[in-house]
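What follows is each chain in one-letter form.
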Amino acid sequence: MSADTASRSKLSRRAFLIVGAAAAGGLVVGCGAPSARDRLGDAAPAGADGAVALNGWVRISPDGRVHVAVPRAEMGQGVLTALPMLLVEELDARWDDVQVEHAPVAQIYANQALLLNVLPFGLDDEGWVARLARAGAQRLGHALHLQVTGGSSSVRDAWEPMRLAGATARAMLVSAAAARWGVRPEACTVADGIVRHAASGRQAGFGELAADAARLAPPDDVPFKPPAQYRLIGRATPRKDIPAKTNGQARFGIDVREPDMLYAAIVQPPVFGAQVASFDATEAARARGVHKVLQIPQGIVVVADSWWRAKKALDALPIVWDEGANGQVSSATIAARQKEGLTSTENVFADINVGDTRKAIAGAATRVEAVYRSSYVAHACMESMNCTVRLTADKAEVWMPSQNAEASLAALSTASGLPLEQCEAYNHTLGGGFGRRGGTQDYVRHA
């Protein structure tokens, strides 16, 4: 083993802690990645259209429409198309019959692949430590209910459970048809949402069979299609979200409207750590449509009967900020700190050290030097941060565009003081995410 290879094979302290936590998660709840079979569930999206749930991922209406629950947030990356493709490929439904829906908050929708991104192993590392850590990370993600969209993990996570959900539903529909006709399931074929028995010429659509299929126990083992038979996966497929986004029908979080709804506009500190020193709400409180002007820990809020009136009153509100130490931070001070880092001898962020870079540069026969600078790029979304909450004495509901639906629900419970079982969260299409709508649930707490 070379010195470089030996150096790379050693786990840093940070990597050791990550691996240890992931492996411990696997050992606590059973070693080995969670079975996708465990994730079929029965937490089907709600619907009053007569649609029948075959598992937690798919419902079928009497008219043959196939409703697919998508547990990841659509923020422009195409999961409302990519994820249903996995299920429909195995189900063998017509793509035009597919309707996508945002999944509710439930453990079966946990993102088990998310934590794989923090493991210090290459994708081709099949060593026992790497495999144990991956299995533990997946177990841990499931146990923590991480219903999160991020880290380019959506398709990787959905690859097995969504195909399994489609294949299982297909097997149940075939069994229902075979029982109706008194034939063997193996004698039936499926294509474009229709089960056929060639020998007798009989056929039935998914909508006709769904109620009977739902009464059957899901099979324990179903085969997946070989890739050579794929009709959707790997092929150009029309995106489900584009028509609604181009004709104005798409419903984002900011489009939520509920009866008797009030609107709030908030101003937050200009720098992190700043506090409100003083403000005068006299004029704002008198403005037309304004119901309340109040201070919260994160800033000042004006509540009115329309967002525009709340925003105009807020704009006219005189506020004095105590910016604290961060008030002295600027682009120039940040650039200076970054420049210091180029020559610093501290290895604060180094997980792996291989060789001596400074010595190699000093002894080089030729050196090429250049300085590249990039301005700060904010994780700013086209859709403003927003959230809608309905709160009663015994129930709290939140409508939000969130990359982390489970965390949004938890934030609602904490802020409202109601237990989780009395809270409901409804996700929407996001007008941009970039991580801003992930772990930080300030918009839910504000609402």
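Residues numbered from 1 in each chain as written. Predicted model: local features only at pLDDT ≥ 70, side-chain atom pairs only at ≥ 80, totals over all residues. Heavy atoms only, no water.

Quick word on the sheet that holds strand 1 (residues 52-55)
Here is step 1: The 4 strands lie next to each other as 1-2-3-4, forming an open sheet whose pairing is mixed. The two strands at the open ends of the sheet, each matched to only one other strand, are strand 1 and strand 4 (98-102). This sheet shows a mean twist of 30° between the axes of neighbouring strands, independent of strand direction.
Here is step 2: Pairing geometry for strand 1 and strand 2 (residues 58-60), over 3 bridges, is antiparallel. Bridging across to strand 2, Ala53 finds its partner in Arg59.
Here is step 3: Along the sheet face, helix 5 (residues 154-181) touches strand 1, strand 2 and strand 3 (66-70) and points at about 120° away from the line of strand 1.
Here is step 4: Each of strand 1 and strand 2 touches helix 6 (residues 206-214); the most contacted strand, strand 1, lies at about 65° to it. (Pairing = 2+ DSSP bridges. Helix = DSSP H or I, 4+ residues; strand = E, 2+ residues; numbered from the N terminus. Axes fitted to C-alpha atoms, helices over the stretch in contact; angles between N-to-C directions. Contact = heavy atoms within 4.5 Å.)

As for the pattern of salt bridges
Here is step 1: One pass over the full model with this rule turns up 25 salt bridges.
Here is step 2: Where Arg231 meets Asp92, a salt bridge forms, and the shortest distance between an N and an O atom there is 3.3 Å. With Arg231 in the loop between helix 6 and helix 7 (242-247) and Asp92 in the loop between helix 3 (79-91) and strand 4, this pair connects stretches of sequence that are 139 residues apart.
Here is step 3: Put simply, Arg437 and Glu383 hold a salt bridge, and the shortest N to O gap is 3.7 Å. In this pair, Arg437 is assigned in the loop between strand 15 (423-427) and helix 13 (442-446) and Glu383 in the loop between helix 11 (357-362) and strand 13 (388-391), connecting sequence segments 54 residues apart.
Here is step 4: Here the salt bridges do not stand alone but share partners, grouping Glu89, Asp92, Arg170, Asp192, Lys225 and Arg231 into one network. (Salt bridge = Lys/Arg side-chain N within 4 Å of Asp/Glu carboxyl O.)

Here's the deal with the side chain of Asp157
Here is step 1: Within the fold, Asp157 resides in helix 5.
Here is step 2: Polar contacts involving the side chain of Asp157 include one to the main-chain amide nitrogen of Gln112, which spans 2.7 Å.
Here is step 3: Discounting chain neighbours no more than four positions away, the residues touching Asp157 are Arg39, Arg72, Ala110, Asn111, Gln112 and Ala113. (Polar contact = N/O pair within 3.5 Å; in protein donor to acceptor, adjacent residues only side chain to side chain.)

A short note on the sheet that holds strand 7 (residues 202-205)
Here is step 1: The sheet built from 3 strands is open, its strands ordered 5-6-7 with antiparallel pairing. A strand with exactly one partner marks an edge of an open sheet, and here the two such strands are strand 5 (188-191) and strand 7. Pairs of neighbouring strands in the sheet enclose a mean axial angle of 20°, with direction left out of account.
Here is step 2: Sheet topology places strand 6 (residues 194-197) next to strand 7; 4 bridges connect them, and they run antiparallel.

Thoughts on helix 9 (residues 307-315)
Here is step 1: Of all the residues in helix 9, the buried ones are Ala310, Ala313 and Leu314. The buried residues of helix 9 occupy an angular sector of 100° when the element is viewed end-on, so they sit on one face.
Here is step 2: At its buried positions, helix 9 is contacted by strand 8 (263-267), helix 8 (282-286), strand 10 (290-296) and strand 11 (299-304). (Buried < 20%, exposed > 50% of the residue type's maximum accessible area, 1.4 Å probe, protein only. Arc of directions from axis to C-beta.)

Topic: the packing of helix 3 against helix 5
Here is step 1: The interhelical angle for the contact between helix 3 and helix 5, taken along N-to-C directions, is 35°, at an axis separation of 6 Å. Between helix 3 and helix 5 lies a crossing of right-handed hand. Counting all contacts with helix 3, which are made through Val79, Ala82, Leu83, Pro84, Leu86, Leu87, Glu90 and Leu91, the residues of helix 5 involved are Ser154, Val155, Ala158, Trp159, Met162, Arg163, Ala165, Gly166, Ala167, Ala169, Arg170 and Leu173.
Here is step 2: Broken down by class, the residue content of the contact of helix 3 with helix 5 amounts to 15 nonpolar, 2 polar and 3 charged. (Left-handed = near helix turned anticlockwise from the far one by under 90°. Nonpolar A, V, L, I, M, F, W, Y, C, P; charged D, E, K, R; others polar.)

Observations concerning the packing of aromatic side chains
Here is step 1: According to the stated counting rule, one finds 3 aromatic pairs in the structure shown.
Here is step 2: Each ring, one from Trp57 and one from Tyr109, has its centre 5.0 Å from the other, and the planes form 85°; the classification is edge-to-face. Taken together, the residues Trp57 in the loop between strand 1 and strand 2 and Tyr109 in the loop between strand 4 and helix 4 (128-143) connect sequence positions 52 residues apart.
Here is step 3: With relative accessibility at 0%, the residue Tyr109 sits in the buried group.
Here is step 4: Each ring, one from Trp307 and one from Trp308, has its centre 6.5 Å from the other, and the planes form 45°; the classification is tilted. (Phe/Tyr/Trp six-rings, centres within 6.5 Å; stacked < 30°, edge-to-face > 60°.)

A short note on unusual backbone geometry
Here is step 1: The backbone of Ser152 shows a phi angle near 50°, a positive value even though the residue is not glycine.
Here is step 2: Relative to the assigned elements, Ser152 resides in the loop between helix 4 and helix 5.
Here is step 3: For Ser152, a relative accessible area of 76% puts it in the exposed group.
Here is step 4: The phi dihedral of Asp260 is positive, around 60°, even though this residue is not glycine.

Here's the deal with the packing of helix 5 against helix 6
Here is step 1: As a packed pair, helix 5 and helix 6 sit with axes 8 Å apart at the nearest point and diverge in direction by 90°. The orientation of helix 5 relative to helix 6 falls into the category roughly perpendicular. In this structure, helix 5 uses Met172, Leu173, Ala176, Ala177 and Arg180 to contact helix 6, whose residues at the interface are Phe206, Glu208, Leu209, Ala210, Asp212 and Ala213.
Here is step 2: Residue composition of the contact of helix 5 with helix 6, grouped by class: 8 nonpolar, no polar and 3 charged. (Parallel < 35°, antiparallel > 145°, perpendicular 65-115°, else oblique.)

Brief notes about the nonpolar core
Here is step 1: Ranked by size, the top nonpolar core spans 50 residues in total, and within it Leu87, Leu91 and Val195 carry the most contacts.
Here is step 2: Broken down by secondary-structure element, the contributors of at least two residues to this core are strand 2, strand 3, helix 3, helix 5, strand 5 and helix 6.
Here is step 3: It is helix 5 that provides the largest number of residues to this core, a total of 13 residues.
Here is step 4: Residues contacting Leu91, with those up to four places away along its chain left out, are Val58, Val66, Gly166, Ala169, Arg170, Leu173, Val190 and Phe206.
Here is step 5: By size, the runner-up hydrophobic cluster in this structure holds 13 residues, among which are Ala396, Ala411, Ala425 and Val444. (Core = buried A, V, L, I, M, F, W, Y, C linked by side-chain atoms within 4.5 Å.)

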